[in-house]
Amino acid sequence: MAACWIRAGMLPTNYYGYANGRSTPAFKFSFYLRHGTEPAITNTTDKGYTLRSDLSPDMAKNDSTRGSDSEPGPSSATVDFIADSASNPLALEIDWSTTDNDSAYGDEVSTYTCSITSSVMDFPEIEGRRYHAYRQGRYALPNDEEENERLDIHHALIYTAMGGRLFYAPIGQSPQRVLDIATGTGIWAMDFADEFPSAQVLGNDLSPTQPTLVPPNLEFIVDDVEDEWGYEHQPFDFIHARFLAGAIRDWPKLMRQALECTKPGGWVEFQDWDTFLYSADNSMPPDSAINRFHQMSGGAREAMGYSMCPGRHLQRWMTDAGFINISCTKILLPLGPWAKNRQAKKIGAYNLLQMQQGLEGILLGTLPHAKPRPWSNDEIMVFLADIRKDFQNPKIHGQYDFYVVYGQRPMA
Ligand SMILES: C[S@@+](CC[C@H](N)C(=O)[O-])C[C@H]1O[C@@H](n2cnc3c(N)ncnc32)[C@H](O)[C@@H]1O
């Protein structure tokens, strides 16, 4: 697996004020290619260097896009960093034209930085919304300012709903290595890194949209968590994942990888939704726009192979993967401030805010793929207005189920 490591850059981005200053960071970063036990392979395309995490070394050697050995050029990178047998020791040939030079690395490094940068930051735009560039199309929702604001409101929602706690797992006072998978804006990882200075925290995501001014014990990388992870040799004390409903195709594999990349005795915690809205008092008419929205939008994504209700399955998936001492907590999240309890009212208000903020992105990310007929943009905009009306209707008492599930890797 290859991944692009993003290091804190120069921009004074505010990482606390909810979404304040979170505009697309014009990253000026150093990068690293990371991989597990295999070398990372990059391949030149007309857009510059593209991460090629899907090639094994053997495949890379046969990869026709690299050109033949007698045909040097941008598409025929040397492979002297790939050992093909134990008797062929790894050796990197030196480029004397670069190293016989008194000045420090300059333009040649920034050339690579820029080309890698463009491959993960060349964000496509559709209907005025911006989407991730790395592994384009894998995730349905935008990565723009509007969506990032929603994720920060969502953070406040879940933090409040969990009683002011970032996690429930009994990880002790001094975790060392911590991973936040699919970190989004990185807000959970930043709060965690602040609370646990002992920890070295890593957050990964398809999008490099996290702020650049972050605690010194935190790093972000661009990565696809559905790829092979390759952290088995540097396992974590704690792995956290939140709000991946609609993002993951193979949950059992994700769980197995999390187990394998956790230290014996370490903990993994998943916090996730069942994103289908229901009303316990039958106050949500089946033909209401708000109900049709959940059925159609969630249904479209499910038809593409992504579970919209991972919450209810987390415990079983963790058990099947081999975790022990599993704990499962279910939390009810009202949509709107209709509940009597003061705390539930606040949670309902946060939930409504994040749904209002996310609605357009969710519809645009799902309904154009609906079957049997994709929706047009005009139809989506009309539907959007109808759903917004239902959002404001205090007579509809919608709620979601949210689950916090943690488990431990056995000692042996
Ligand atoms: C709903 S957001 C949740 C973000 C964050 N975990 C939080 O709770 O604030 C889902 C995130 O998953 C990321 N994502 C989706 N599929 C992914 C994948 N295959 N690999 C890495 N990140 C992914 C998206 O880019 C997005 O940032």
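All figures in this text were calculated on a predicted structure; none of them were measured in a lab.

A.B. asks: What's the story with the packing of helix α9 (residues 342–366) against helix α10 (residues 377–391) in this structure? I'm lost.
C.D. replies: Each pair of packed helices can be described by the angle between their axes along with the distance between the axes. Two elements in contact, α9 and α10, have axes separated by 10 Å at closest approach and are oriented at 165°. Considering their axes alone, α9 and α10 lie roughly antiparallel with respect to each other. Crossing handedness for the pair α9 and α10: right-handed. Only Ile380, Phe383, Leu384, Ile387 and Phe391 of α10 make contact with α9, whose side of the interface consists of Leu352, Met355, Gln356, Leu359, Glu360, Leu363 and Leu364. Residues belonging to the contact of α9 with α10 are distributed by class as follows: 10 nonpolar, 1 polar and 1 charged.

A.B. asks: Mind showing me how you'd approach the packing of helix α7 (residues 289–303) against α9 here?
C.D. replies: One can describe the packing of α7 onto α9 by two numbers: an axis separation of 9 Å at closest approach and a directional angle of 45°. Viewed along their axes, α7 and α9 adopt a mutual orientation that is oblique. For α7 against α9, the interelement crossing comes out left-handed. Here Ser297, Ala300 and Arg301 of α7 lie close against α9, whose contacting residues are Ile362, Leu363 and Thr366. Here the contact of α7 with α9 is built from residues that sort into 3 nonpolar, 2 polar and 1 charged.

A.B. asks: Before we go on, may I ask you to explain the nonpolar core in this structure?
C.D. replies: Buried together is how nonpolar side chains tend to be arranged in soluble globular proteins. Residues Ala193, Val201, Ile239 and Met255 are the most contacted members of the largest nonpolar core, which totals 83 residues. In terms of residue count, α9 provides more of this core than any other element does, 7 residues in total. Other than its neighbours up to four places away in sequence, isoleucine 239 contacts Leu179, Ile181, Ala258, Cys261, Thr262 and Val268.

A.B. asks: I tried to follow the site of the ligand on my own but got confused; where do I start?
C.D. replies: Around the ligand, 22 residues are found, and the nearest of them are Tyr139, Ala182, Gly184, Arg242 and Ala247. Among the elements of the structure, α4 (145–161) and α5 (187–195) are those that each provide at least two residues to the shell around the ligand. Residue contributions to the shell around the ligand peak at 3 residues, all from α4.

A.B. asks: So what exactly am I meant to see when it comes to the confidence of the model for the chain here?
C.D. replies: Within the chain, residue pLDDT values average 79, and 71% of them lie at 70 or more. Across residues 4–90, confidence stays below pLDDT 50; counting only partners more than four residues off in sequence or on other chains, it has 143 contacts. Ignoring residues within four places in sequence, the model shows residues 109–114, a span with pLDDT below 50, making 2 contacts including any to other chains.

A.B. asks: Just to check I follow, could you spell out unusual backbone geometry for this structure?
C.D. replies: Apart from glycine, the bulk of residues carry a negative phi angle, and the bulk of peptide bonds sit in the trans form. Cis rather than trans, the peptide bond between lysine 371 and proline 372 has omega equal to 10°. Position of proline 372 among the secondary structure elements: in the loop between α9 and α10. Even without being glycine, asparagine 282 reaches a positive phi, approximately 55°. Considering the arrangement of structural elements, one finds asparagine 282 in the loop between β11 (262–278) and α7. Among the residues examined, asparagine 282 registers 9 C-beta atoms within 10 Å and is labelled exposed.

A.B. asks: Is there a simple way to explain the pairing of strand β8 (residues 200–205) in this structure?
C.D. replies: Each regular strand displays side chains that alternate between the two surfaces of the sheet. Counting buried residues in β8 gives 5 out of 6 residues, a clear majority hidden from the surface. Note that strand β7 (residues 177–181) and β8 share 4 bridges and pair parallel. Bridged to arginine 177 within β8 is glutamine 200. Judged from the 5 bridges that link them, β8 and strand β9 (residues 218–222) form a sheet pairing that is parallel. Along β9, the bridge assignment pairs glycine 203 with phenylalanine 220.

So, how was this worked out
- Residues take numbers from 1 onward in each chain, read along the sequence in its written order.
- Given that this is a predicted model, residues contribute local features only at a pLDDT of at least 70 and side-chain atom pairs are listed and counted only at 80 or more, while totals for whole chains, interfaces and linings are drawn from all residues.
- A fitted line through C-alpha atoms serves as each axis, taken over the contacting stretch for helices, and the angle formed by two N-to-C directions is quoted from 0 to 180°.
- Segments assigned H or I by DSSP are reported as helices when at least four residues long, segments assigned E as strands when at least two residues long, and all are numbered from the N terminus.
- Any angle between 65 and 115 degrees counts as roughly perpendicular, while under 35 counts as roughly parallel, over 145 as roughly antiparallel, and the rest as oblique.
- By definition, turning the near helix anticlockwise from the far helix through less than a right angle yields a left-handed crossing, and turning it clockwise yields a right-handed one.
- Residue pairs qualify as contacts under a 7 Å threshold applied to their C-beta atoms, which are placed from the backbone.
- Basically, the charged four are Asp, Glu, Lys and Arg, the nonpolar ten are Ala, Val, Leu, Ile, Met, Phe, Trp, Tyr, Cys and Pro, and anything else, Gly included, counts as polar.
- Each nonpolar core consists of buried Ala, Val, Leu, Ile, Met, Phe, Trp, Tyr and Cys residues. Their C-beta atoms, within 7 Å, join them into a set.
- Remark: C-beta atoms are placed from the backbone, and a residue is labelled buried if 20 or more other C-beta atoms sit within 10 Å of its own, exposed if 12 or fewer do, or partly exposed between those counts.
- Only the C-beta atom matters for this test: placed from the backbone, it must lie within 6 Å of a molecule or strand for the residue to be near it.
- Each residue gets a pLDDT score, which is the predictor's confidence in that residue and runs from 0 to 100.
- Pairing between two strands is assigned when DSSP locates at least 2 bridges connecting them.

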